[in-house]
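Each chain, letter by letter, is given below.
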Amino acid sequence: MQQKHNFGAGPCILAPSVMQQAANAVINWNDSGLSILEVSHRSAAFENVIRKTQLLVRELLNVPNDYSVLFLQGGASTQFAMVPMNFLQKKSRAAYLDTGYFAQKAIKEARLFGEVEIIASSKDKNYAYIPDYSSNDQRVAYLHCTSNNTIEGTEMFEFPGFGIPLVCDMSSDIFSRRINVRDFDLIYAGAQKNMGPAGMTLVIAKNKFLDSVKAEVPAMMDYRVFRDNDSMYNTPPVFSIYVAMLNLLWLKDQGGVEGIEKMNIKKANMLYQEIDRNPLFKGTANVAHRSRMNVTFKAIDEATEKAFLQFAEELGLVGIKGYRTVGGFRASLYNALPIASVEVLVNAMKQFENSRKLEQTLQLA
Ligand SMILES: *Cc1c(COP(=O)(O)O)cnc(C)c1O
């Protein structure tokens, strides 16, 4: 079997050691004679897993004590609705930053619950940058932003501090870099981009913010129900949480978030340098807002794009086709993607350029 280098945007790759431990646990978990897929979520052994996973999240992200760490289901897409369902009353208003495809989806859901004010948008340039924004409207219920725009390849490196509760979709860059949790009132992230397999959604929320909820919401949509039941109001996604725990232990071994951030900067710089150097390619995002997780770029023309996609596929480079709204290429450099895979991609771009030059020389001769 040819070795693959998976640049897919999600679900993310996981370290081989994590995959191996997960595979073992499916057959015989910790020599219990049971599979992780069949153990009771109320067993002491699994309660230990969920507690440990919470502690790892707290440790790796320096989560303050007055914040809760919750494991939900439904992906980040459910959070698009759950946030306004809890915090946006009829006749109140929420502010949104419109920075891309997922931000738009969040806005659409919020409009079902109350008034939405878009305080800044980068739609005019196909979301290729993070717009400037400001707000001193203290009456809005919260301000919603997306830290990393997975499809467009832009990332926020600064966050607003207007004294308005800040809610952030961190699905595609959580655990990839240091953050100050105190800057936010609520953070959510689908697990499958950097934390583990799909099926679990991480929420980190300030207790005071959760206590401010006035709306009556169904139990499964009520953050406080998850908080008050240690994320075990119903059956949690046991396997997804277990593998996330393994993955966070792996992350700790990489020097934690600080260690992986250094590696992520290195990987992203390597690829952007080649994009900027190679005359056949061009980056699509504003340089100051380039994402370190999802690198978006284009070829000089459609024929070149097609040819490179095929060239890359033959080398085992998987998942580099850009999302249909942006086109071109997208290479996702999530935590577990080794630097060696980035080297393979960069070398492929160089080889491709050289073969082009050779073709042209032969045509001239
Ligand atoms: C992938 C992604 C989503 C959607 O996540 P699901 O868990 O599939 O619902 C939302 N926001 C961002 C930023 C994403 O990258």
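What you see is a predicted model; the values in this text were computed from it and never measured.

Criteria and thresholds
Residues numbered from 1 in each chain as written. Predicted model: local features only at pLDDT ≥ 70, side-chain atom pairs only at ≥ 80, totals over all residues. Heavy atoms only, no water. Domains from an automatic or database assignment. Contact = heavy atoms within 4.5 Å. Buried area = accessible area lost by both parts, 1.4 Å probe. Helix = DSSP H or I, 4+ residues; strand = E, 2+ residues; numbered from the N terminus. Buried < 20%, exposed > 50% of the residue type's maximum accessible area, 1.4 Å probe, protein only. Polar contact = N/O pair within 3.5 Å; in protein donor to acceptor, adjacent residues only side chain to side chain. Core = buried A, V, L, I, M, F, W, Y, C linked by side-chain atoms within 4.5 Å. UniProt positions renumbered as here; feature names shortened; annotations may be inferred. Disulfide = S-S within 2.5 Å. Pairing = 2+ DSSP bridges. Salt bridge = Lys/Arg side-chain N within 4 Å of Asp/Glu carboxyl O. Near = heavy atom within 4 Å. Areas by Shrake-Rupley, 256 points an atom, 1.4 Å probe, with all protein chains shown as cover. Nonpolar A, V, L, I, M, F, W, Y, C, P; charged D, E, K, R; others polar. Expected span 1.5 Å × (residues − 1). Arc of directions from axis to C-beta.

So, on to the domain arrangement of the chain. Domain annotation for the chain reports domain 1 (16–253) and domain 2 (256–364). Taken together, the contact pairs 26 residues of domain 1 with 25 residues of domain 2. For the pairing of domain 1 and domain 2, the buried interface totals around 2,200 Å² over both sides, and the portion due to carbon and sulfur atoms is 54%. Ranking the residues of domain 1 by area buried against domain 2 places Ile151, Phe157 and Arg178 at the top, with a combined share of 23%.

Another point: the side chain of Ser291. Along the polypeptide, Ser291 turns up in the loop between strand S11 (281–283) and strand S12 (294–299). Assessed through its relative accessible area of 0%, Ser291 is described here as buried. A distance of 2.7 Å separates polar atoms of two side chains, one belonging to Ser291 and the other to Asn148. Those residues in contact with Ser291 that sit more than four places away from it in its chain are Asn148, Gly153, Thr154, Glu155 and Tyr272.

This paragraph deals with unusual backbone geometry. The phi angle of most residues is negative, glycine excepted, and most peptide bonds adopt the trans form. The amide bond that connects Gly10 to the next residue, Pro11, takes the cis arrangement and shows omega of -5 degrees. Of note in this structure, Asn126 is not a glycine but carries a positive phi near 55 degrees. Mapped onto the elements of the fold, Asn126 is located in the loop between strand S4 (115–121) and strand S5 (143–146). Phi at Ser231 is positive, roughly 60 degrees, even though this residue is not glycine. Tracing the backbone shows Ser231 in the loop between helix H6 (223–228) and helix H7 (238–253).

The next subject is the nonpolar core. The biggest cluster of nonpolar side chains holds 88 residues, and the ones touching the most others in it are Val57, Leu61, Phe175, Met195, Leu271 and Phe308. If you tally residues by element for this core, the top one is H7, at 10 residues. In this view, Leu61 contacts Ile174, Phe175, Ile179, Val181, Ile204 and Val257; residues no more than four positions away in its chain are not counted. Listed in part, the 29 residues of the second largest apolar core include Leu70, Phe80, Tyr96 and Val203.

Moving on to the UniProt feature "domain: Aminotransferase class V" (unreviewed entry) in the chain. According to UniProt, the feature "domain: Aminotransferase class V" (unreviewed entry) maps to residues 6–343 in the numbering used here. Strand forms 17% of residues 6–343 and helix 36%; the C-alpha atoms that close the span are 13 Å apart.

As enumerated under the stated definition, the model contains zero disulfides in all. Summary of cysteine pairing: Cys12 is not part of a disulfide, and the nearest cysteine sulfur, belonging to Cys168, is at 18 Å. Summary of cysteine pairing: Cys145 is not part of a disulfide, and the nearest cysteine sulfur, belonging to Cys168, is at 3.7 Å.

On to the pairing of strand S2 (residues 67–72), then. Side-chain direction in a regular strand flips from residue to residue, so the side chains alternate between the two faces of the sheet. For S2, the buried fraction is high: six of the six residues fall into the buried class. Neither face of S2 is open: one carries Tyr67, Val69 and Phe71, the other Ser68, Leu70 and Leu72, and all of them are buried.

Bringing the pairing of strand S10 (residues 201–206) into the picture now. The buried count for S10 comes to five of six residues, which makes it a mostly enclosed element. Sheet topology note: the S2/S10 ladder contains six bridges and is antiparallel. Bridged to Val69 within S10 is Ile204. In this structure, strand S9 (residues 186–190) lies alongside S10, joined through five bridges in antiparallel fashion. Counterpart to Tyr188 in the pairing with S10 is Val203.

Let's shift gears to the pattern of salt bridges. Applying the stated criterion across every chain, the model contains 17 salt bridges. As a salt-bridge pair, Arg277 and Glu353 come within 2.8 Å of each other at their nearest N and O atoms. A residue pair is termed long-range when its members are at least 10 positions apart, and Arg277 in helix H8 (residues 256–277) and Glu353 in helix H10 (residues 339–364) qualify at 76 residues. In this structure, the salt-bridge partner of Lys357 is Glu353, at a minimum N-O distance of 3.6 Å. Of this pair, Lys357 and Glu353 are both found in helix H10, four residues apart, which corresponds to roughly one turn of the helix. For Glu353, a relative accessible area of 7% gives the class buried.

A word on the site of the ligand. Neighbouring the ligand are 13 residues, the closest being Ser77, Thr150, Asp169, Gln192 and Lys193. Within the side chain of Ser77, a nitrogen or oxygen atom sits 2.6 Å from an oxygen atom of the ligand. Within the side chain of Thr150, a nitrogen or oxygen atom sits 2.4 Å from an oxygen atom of the ligand. Contact with the protein chains removes 86% of the 380 Å² of surface that the ligand exposes when unbound. The element contributing the most residues to the shell around the ligand is helix H3 (residues 75–87), with four residues. Considered class by class, the residues forming the shell around the ligand number three nonpolar, eight polar and two charged.

What follows concerns helix H1 (residues 16–27). Between its first and last C-alpha atoms H1 spans 17 Å; for 12 residues at 1.5 Å apiece the expected length is 16 Å, and the two agree. When we look at burial in H1, the residues that qualify are Val18, Ala22 and Ala25. For H1, the angular spread of buried residues about the axis comes to 60 degrees, placing them on one side. Residues of H1 that are exposed and point over 90 degrees away from its buried face: Pro16 and Ile27. Each element contacted by the buried residues of H1 is listed here: H7.

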